[in-house]
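So you can see what is in the structure, the chains are spelled out below.
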Amino acid sequence: AQMPCEPRIAKMLVLAVTSRCLSPLLTIAAGVSYRSPFVLAMPHEREHANKAKIRLAGNSQSDGIALINAFSRWQTSMDEGKAFEFCRKHFLSHSTLKMIRSIRSQLFRILKDA
């Protein structure tokens, strides 16, 4: 099947299926295929924005882990009806996270049908 992403991303997803770690790598693939959900904060808020991203990355210091955790926690906040509050607190774009969710679903369907 034709994957709507770069070949290296498609290969990563195929390997993720065989390694049984598809969900987090779907998030990374969708994020790098679209754009980062982390918004550029105003100059007086940049320190808070950087700290929010560092908290999402945990001890990993990884942008990928920050993205995975941001997406996962955003989904939970959606279920709780607190998505916009979560995004504002963590300097995230709600619309970008929605697009990442859509791309994840599309990639999953393609992998499932292959």
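Look above for the structure.
Because the structure is a prediction, the values reported are computed rather than measured. (Residues numbered from 1 in each chain as written. Predicted model: local features only at pLDDT ≥ 70, side-chain atom pairs only at ≥ 80, totals over all residues. Heavy atoms only, no water.)

## Considering the environment of Leu 25
Logical step 1: With respect to the helices and strands, Leu 25 occurs in helix α2 (residues 22–33).
Logical step 2: Separated by 10 residues in sequence, Leu 25 and Leu 15 place their C-alpha atoms 9.8 Å apart.
Logical step 3: Setting aside its immediate chain neighbours within four residues, Leu 25 contacts Met 12, Leu 13 and Ala 16. (Helix = DSSP H or I, 4+ residues; strand = E, 2+ residues; numbered from the N terminus. Contact = heavy atoms within 4.5 Å.)

## A short note on unusual backbone geometry
Logical step 1: With a phi close to 55°, Gln 61 is a non-glycine residue in the positive phi region.
Logical step 2: Within the secondary structure, Gln 61 is located in the loop between α3 (46–57) and α4 (63–79).
Logical step 3: On the accessibility criterion, Gln 61 (77% relative accessible area) is exposed. (Buried < 20%, exposed > 50% of the residue type's maximum accessible area, 1.4 Å probe, protein only.)

## As for the packing of α2 against helix α6 (residues 94–113)
A pair of packed helices can be characterised by two numbers: the angle between their axes and the separation between those axes.
Logical step 1: Here α2 crosses α6 at 120°, and the two axes come no closer than 9 Å. On the basis of their axis angle, the class for α2 and α6 is oblique. Pair α2 / α6 crosses with right-handed handedness. Taking contact as the criterion, the partners of Leu 22, Ser 23, Leu 26, Thr 27, Ala 29, Ala 30 and Gly 31 in α2 are, on α6, Ile 100, Ile 103, Arg 104, Leu 107, Phe 108 and Leu 111.
Logical step 2: Classifying every residue of the contact of α2 with α6 by side-chain character gives nine nonpolar, three polar and one charged. (Axes fitted to C-alpha atoms, helices over the stretch in contact; angles between N-to-C directions. Parallel < 35°, antiparallel > 145°, perpendicular 65-115°, else oblique. Left-handed = near helix turned anticlockwise from the far one by under 90°. Nonpolar A, V, L, I, M, F, W, Y, C, P; charged D, E, K, R; others polar.)

## Notes on the pattern of salt bridges
Logical step 1: If you walk through the whole model with that rule in mind, you get three salt bridges.
Logical step 2: Across the salt bridge formed by Lys 51 and Glu 47, the nearest N and O atoms sit 3.1 Å from each other. Within this pair, Lys 51 and its partner Glu 47 are both found in helix α3, separated by four residues, close to a single helical turn. (Salt bridge = Lys/Arg side-chain N within 4 Å of Asp/Glu carboxyl O.)

## So, the nonpolar core
Logical step 1: Of all hydrophobic cores here, the largest spans 29 residues; its most connected members are Met 3, Leu 13, Trp 74, Leu 92 and Leu 107.
Logical step 2: Breaking this core down by element, the ones donating at least two residues are α1 (7–19), α2, α3, α4, α5 (83–90) and α6.
Logical step 3: Sorting elements by how many residues they give to this core places α6 first, with six residues.
Logical step 4: Non-local contacts of Leu 107, meaning those with residues more than four positions away in its chain, are made with Met 3, Pro 4, Cys 5, Leu 13, Leu 26, Ala 29 and Ala 30. (Core = buried A, V, L, I, M, F, W, Y, C linked by side-chain atoms within 4.5 Å.)

## A word on the packing of α2 against α4
Logical step 1: Between α2 and α4, the least distance of the axes is 9 Å, while the angle of their chain directions is 105°. Considering the angle they form, α2 stands roughly perpendicular to α4. Listed contacts from α4 to Pro 24, Thr 27, Ile 28 and Gly 31 of α2 are Gly 64, Leu 67, Ile 68 and Phe 71.

## Looking at α5
At 3.6 residues per turn, the α-helix brings residues three or four places apart onto the same side.
Logical step 1: Residues of α5 that are buried: Ala 83, Phe 86, Cys 87 and His 90. Viewed end-on, α5 has its buried residues packed into an arc of 95°, placing them on one side of the element. In α5, the exposed positions angled more than 90 degrees off the buried face are occupied by Phe 84, Arg 88 and Lys 89.
Logical step 2: Looking at the buried residues of α5, the elements they touch are α3, α4 and α6.
Logical step 3: Of the residues trailing α5, Phe 91 is marked for its positive phi of about 55°. (Arc of directions from axis to C-beta.)

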